[in-house]
Each structure stands twice: as structure tokens, then as C-alpha cells.
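Notes for the structure review
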Amino acid sequence: MTIFIIWLIALVLIGYFVNQRWQTVSAGLDKMLPRALKTHGDNRWLWVGALAVLGATTLVRPVDILLVAILLGIICGVVYKLIGWASSKAPH
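The text that follows walks through the structure, step by step, so that each part is easy to find. (Residues numbered from 1 in each chain as written. Predicted model: local features only at pLDDT ≥ 70, side-chain atom pairs only at ≥ 80, totals over all residues. Heavy atoms only, no water.)

**Considering the packing of helix H1 (residues 2-20) against helix H3 (residues 44-60)**
Following both chains from N to C, one finds H1 and H3 inclined at 140 degrees, their axes separated by 8 Å at the closest point. Classed by the angle they form, the pair H1 and H3 counts as oblique. Taken as a pair, H1 and H3 cross one another with a handedness that is right-handed. On the side of H1, the interface is formed by Ile 3, Ile 6, Trp 7, Ala 10, Leu 11, Ile 14, Gly 15, Val 18 and Asn 19, while H3 contributes Arg 44, Trp 45, Val 48, Leu 51, Ala 52, Val 53, Gly 55, Ala 56, Thr 57, Leu 59 and Val 60. Tallied by class, residues from the contact of H1 with H3 come to 15 nonpolar, 4 polar and 1 charged. (Axes fitted to C-alpha atoms, helices over the stretch in contact; angles between N-to-C directions. Helix = DSSP H or I, 4+ residues; strand = E, 2+ residues; numbered from the N terminus. Parallel < 35°, antiparallel > 145°, perpendicular 65-115°, else oblique. Left-handed = near helix turned anticlockwise from the far one by under 90°. Contact = heavy atoms within 4.5 Å. Nonpolar A, V, L, I, M, F, W, Y, C, P; charged D, E, K, R; others polar.)

Okay, here's the thing in C-alpha cells:
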């Protein structure tokens, strides 16, 4: 229960500060994201919520986030290698 309360407090605080600094956060997201995901200032509440949940979870359970990131990196690497292998086997 204590971890949930800490997570909830972190969620509210991160959401509040991201919302207050939305112009800066939006510009930073637009620099990092591919064109299909750029915010252009739209979808403010969706991005504020997503960043708040991600930030709160990272603060409360950093090892879980790190393991998920490592797992996603390994999966992406394997998929990338498989696509390269399949494209080399495909007839030109």
C-alpha cells in the first residue's frame, strides 16, 4: 500500500509539472519522436498522462523498467537481424 501511495504522489506531481511546462516538453518530444508520433502541441493530456505514468513507475520500480528496456532492446535486435537475414535470402 505504501508503494502505491508513493506511486500515486509521483504520478500527480510529474503530471502537474509536465502540464505546467508543456511547451518545452512538447518541443522536446517533437525532436525525439518520428514524424507519425510528433505532438505538435496536440494530444496534450494523452502525453501528460503517459509521461506521468512512465515517470512514476520509473521512480518506484526502476529495476522493472530497466529489465523491460533490456528485453525490448534484445527483441528489436533479433527482429532486425532476422529481417536482414530474410532480405538477403529473398530473390532480387
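There's more to say after this.
**Topic: H1**
Over its 19 residues, H1 runs 27 Å from end to end, which matches the ideal 27 Å to within 8%, given 1.5 Å per residue. In this structure, the buried side of H1 is in contact with helix H2 (22-32) and H3. (Expected span 1.5 Å × (residues − 1).)

**Remarks on H2**
Within the span of H2, buried status applies to Trp 22, Ser 26, Leu 29 and Asp 30. Projected down its long axis, H2 shows its buried positions confined to an angular sector of 100 degrees, all on one face. Of the exposed residues in H2, the ones pointing more than 90 degrees away from its buried face are Thr 24, Lys 31 and Met 32. Those residues of H2 that are buried lie in contact with H1 and H3. (Buried < 20%, exposed > 50% of the residue type's maximum accessible area, 1.4 Å probe, protein only. Arc of directions from axis to C-beta.)

**Quick look at the packing of aromatic side chains**
Enumeration according to the criterion identifies 2 aromatic pairs in this entry. Judged by centre distance (6.5 Å) and plane angle (20 degrees), the rings of Phe 4 and Trp 7 are stacked. Taken together, the positions of Phe 4 and Trp 7, both in helix H1 and 3 residues apart, correspond to about one turn of that helix. Arranged with centres 5.2 Å apart and planes meeting at 70 degrees, the rings of Tyr 16 and Phe 17 form a pair that is edge-to-face. Owing to a relative accessible area of 45%, Tyr 16 belongs among the partly exposed residues under this scheme. (Phe/Tyr/Trp six-rings, centres within 6.5 Å; stacked < 30°, edge-to-face > 60°.)

Everything listed here is a matter of coordinates, which is why it stays silent on function.
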